[in-house]
Amino acid sequence: MHPSGIQFGLSRGLLQLRGEEVLLSDQLLEAISLEAQLHLHLGRPPIQGNFLVDITVRAAQNALGNDQGARRQEIVPFFASLNRTMYYTFCRVAERAGLAHKEPRRLITDNDFWREFCTRAVDVKIKPGKSIAKIQKSLFKVCHEIVKKRYAQNDPDNARHADLIALFMFNFWNATGLLLLERHGATTDVKQPRSRAPG
């Protein structure tokens, strides 16, 4: 993020520094997490465009309210890099729960987490003609249950973020091609996730 965007975010409580990393502030993360909980409570699909970015932008806009003191040269770089900052923040939150490991240029899913997901995903009942949306929900349910269990075991103080991080990991797998859903005529085939942890 551009220094002016960082300064803007820090001065308004939207960002924090952890060593050399620029991350979303705890307050903003809490607001995003509540939106993720609402998303699931309302039965919305786990994969829906860039909805996690949309939630993050909306939470930042709500936190700013009617802030008249910001200049365009501060606001533009802040929002231009907000999706990347969101990604780094969610990576760190997932890491604390033992779900993934963040390397400089990639996120690696924890091997045991991925193995358990693959094992349980094989048992998901897929009837001929079942829609992709329903298959996604069934697979997400497996991911969500494992994430909640991991939070209870590894990071109970942050268990409130389980919904958000389950959505993040599931969308990360989808974006990297690990959840391969293909439609062939009237039926839907699910290519089972690869057996190795995604990198």
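Residues numbered from 1 in each chain as written. Predicted model: local features only at pLDDT ≥ 70, side-chain atom pairs only at ≥ 80, totals over all residues. Heavy atoms only, no water.

(A) Layout of helix H2 (residues 26-41). The end-to-end C-alpha distance of H2, which contains 16 residues, comes to 22 Å, matching closely the 22 Å that a straight helix rising 1.5 Å per residue would cover. Where H2 is buried, its residues touch strand E2 (21-24), helix H3 (51-64), helix H5 (82-96), helix H7 (132-154) and helix H8 (162-175). Backbone geometry just after H2 places Gly43 at a positive phi near 75°. (Helix = DSSP H or I, 4+ residues; strand = E, 2+ residues; numbered from the N terminus. Expected span 1.5 Å × (residues − 1). Contact = heavy atoms within 4.5 Å.)

(B) Local environment of the nonpolar core. Among the nonpolar cores identified, the biggest contains 55 residues, and Phe90, Phe117, Ile165, Met169, Phe170 and Trp173 are the most heavily contacted of them. At the level of secondary structure, the elements contributing two or more residues to this core comprise helix H1 (3-11), E2, H2, H3, H5, helix H6 (111-121), H7 and H8. Top contributing element to this core by residue count: H8, with ten residues. Each residue touching Phe90, except ones within four places of it in the same chain, is listed here: Leu24, Leu29, Ile32, Thr56, Leu164, Ile165 and Phe168. (Core = buried A, V, L, I, M, F, W, Y, C linked by side-chain atoms within 4.5 Å. Buried < 20%, exposed > 50% of the residue type's maximum accessible area, 1.4 Å probe, protein only.)

(C) Representation of the packing of H6 against H7. Packing of H6 against H7 brings their axes to within 10 Å, and their N-to-C directions diverge by 140°. Considering the angle they form, H6 stands oblique to H7. Remark: the crossing between H6 and H7 carries right-handed chirality. Note on element contacts: H7 touches H6 through Leu139, Val142, Cys143, Glu145, Ile146, Val147, Lys149 and Arg150, opposite Asp112, Phe113, Glu116, Phe117, Arg120 and Ala121. Looking at the contact of H6 with H7 residue by residue, the class counts come to eight nonpolar, no polar and six charged. (Axes fitted to C-alpha atoms, helices over the stretch in contact; angles between N-to-C directions. Parallel < 35°, antiparallel > 145°, perpendicular 65-115°, else oblique. Left-handed = near helix turned anticlockwise from the far one by under 90°. Nonpolar A, V, L, I, M, F, W, Y, C, P; charged D, E, K, R; others polar.)

By themselves, these figures tell us nothing about what the structure is for.
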